[in-house]
Amino acid sequence: MAYFKIGSTDFSTYVSGLKISTDVNYNAQQNANCDTVVDYINKKRTFEVEIIPLDSISMAKLLAAIDAFSVSISFRNPKTNALETGVSCIIASHDISYYTIQDSKIMYQKFNLKFNEL
């Protein structure tokens, strides 16, 4: 069952955690009657994806998928329990750390990717 894709590539087998946060953007002002008036602007989601330790081939595949500044992701929406597709996101930064380099076997440590909805 696919629950996390970048573009059309399914990376669900690499994911050990998925956190979805929602931030609401608004303006709040107090009028002369001391009432607070709130203007709703929009809401945006942030997706934090925990990636398991990967070998060099899997890491290359993942890094190729997130190489563009803006990507389209699909994820399992907890509100609908269905795969939500085509969510445009940016990845501001990501850190990759080597776990081990022995002979010809290279492994990378687990890490998090943070996607911000556009």
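Parameters and conventions
- Residues numbered from 1 in each chain as written.
- Predicted model: local features only at pLDDT ≥ 70, side-chain atom pairs only at ≥ 80, totals over all residues.
- Heavy atoms only, no water.
- Helix = DSSP H or I, 4+ residues; strand = E, 2+ residues; numbered from the N terminus.
- Buried < 20%, exposed > 50% of the residue type's maximum accessible area, 1.4 Å probe, protein only.
- Contact = heavy atoms within 4.5 Å.
- Pairing = 2+ DSSP bridges.
- Arc of directions from axis to C-beta.

Once that is clear, we can look at the environment of Tyr3. Inspection of the secondary structure puts Tyr3 in the segment before strand 1 (4-6). Take Tyr3: its relative accessible area is 26%, and that puts it in the partly exposed class. Through-space distance from the C-alpha of Tyr3 to that of Thr85 is 10 Å; in sequence the pair is 82 residues apart. Apart from the residues lying within four places of it in its own chain, the contact partners of Tyr3 are Ser12, Val15, Leu18, Ser74, Phe75, Arg76 and Leu83.

Looking now at the sheet that holds strand 8 (residues 98-102). Reading across from one edge, 5-9-8 is the order of the three strands in this open sheet, with antiparallel pairing throughout. Taken across any chain shown, the strands that pair with only one partner, and hence form the sheet edges, are strand 5 (54-55) and strand 8. Taken together, the four bridges between strand 8 and strand 9 (residues 105-108) define a ladder with antiparallel strand orientation. Bridge assignment links Thr100 to a residue of strand 9, and that residue is Met107.

Three or four residues apart is the spacing at which side chains of an α-helix point the same way, because the helix has 3.6 residues per turn. Of all the positions in helix 1 (residues 56-65), only Ser58, Met59 and Leu62 are classed as buried. End-on view of helix 1: buried residues confined to an arc of 100 degrees, all on one side of the axis. The outward face of helix 1, more than 90 degrees from its buried face, is lined by the exposed residues Ile57 and Ala64. Contacts made by the buried residues of helix 1 are with strand 1, strand 4 (36-51), strand 5, strand 9 and strand 10 (111-117).

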